[in-house]
Amino acid sequence: MQRRKFIGSISQMAISVALCNTSIPVSFNKKHSIDLLLGSVEKYMTDDPEGTFQKISAMGYKELE
């Protein structure tokens with residue numbers, strides 16, 4: 001199998017799985033949170049780490065990754 005066909009097949013499979021997973025019941029008793037990857041604010045972390053954490057907290061992020 002050619003690499004291009006393989007990548008296309010894997011992409012289609014991933015999309016199919018993602019669409020099928022929407023019908024799986026989810027427990028709503030558990031609170032879900034949205035995390036922030038520190039790599040996305042790396043530039044600001046090097047300049048002002050404490051200020052960056054304060055701004056991230058003010059935006060409502062409770063967990064970092």
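Residues numbered from 1 in each chain as written. Predicted model: local features only at pLDDT ≥ 70, side-chain atom pairs only at ≥ 80, totals over all residues. Heavy atoms only, no water.

Looking at the overall build of the protein
Piece 1. A tally of helices and strands in the protein yields three helices and zero strands.
Piece 2. Along the protein, helices (α) and strands (β) appear in the sequence α-α-α when read from the amino end.
Piece 3. Sorting the 65 residues of the protein into buried and exposed places 9% on the buried side.
Piece 4. Counting only carbon and sulfur atoms, one obtains 59% of the accessible surface of the protein, whose full area is about 6300 Å². (Helix = DSSP H or I, 4+ residues; strand = E, 2+ residues; numbered from the N terminus. Buried < 20%, exposed > 50% of the residue type's maximum accessible area, 1.4 Å probe, protein only. Areas by Shrake-Rupley, 256 points an atom, 1.4 Å probe, with all protein chains shown as cover.)

Quick look at the confidence of the model for the protein
Piece 1. Within the protein, residue pLDDT values average 75, and 71% of them lie at 70 or more.
Piece 2. Here helix α1 (residues 3–20) stands out as the least confident element of the protein, with mean pLDDT 75; helix α3 (residues 49–58) is the most confident, with 88. (pLDDT = per-residue confidence, 0-100.)

Some points on α3
Piece 1. Along α3, the residues classified as buried are G51, T52 and I56. Summarising the axial view, the buried residues of α3 lie within an arc of 135°, below the 170-degree limit, and thus occupy one face. Along α3, exposed side chains directed more than 90 degrees from the buried face belong to E50, Q54 and A58.
Piece 2. Structurally, α3 contributes buried residues whose contacts are with α2 (42–47).
Piece 3. Phi turns positive, to about 105°, at G60, one or two residues after α3. (Arc of directions from axis to C-beta. Contact = heavy atoms within 4.5 Å.)

Thoughts on the side chain of T52
Piece 1. You can see T52 is positioned in helix α3.
Piece 2. Look at T52 and you get buried, because its relative accessible area is 9%.

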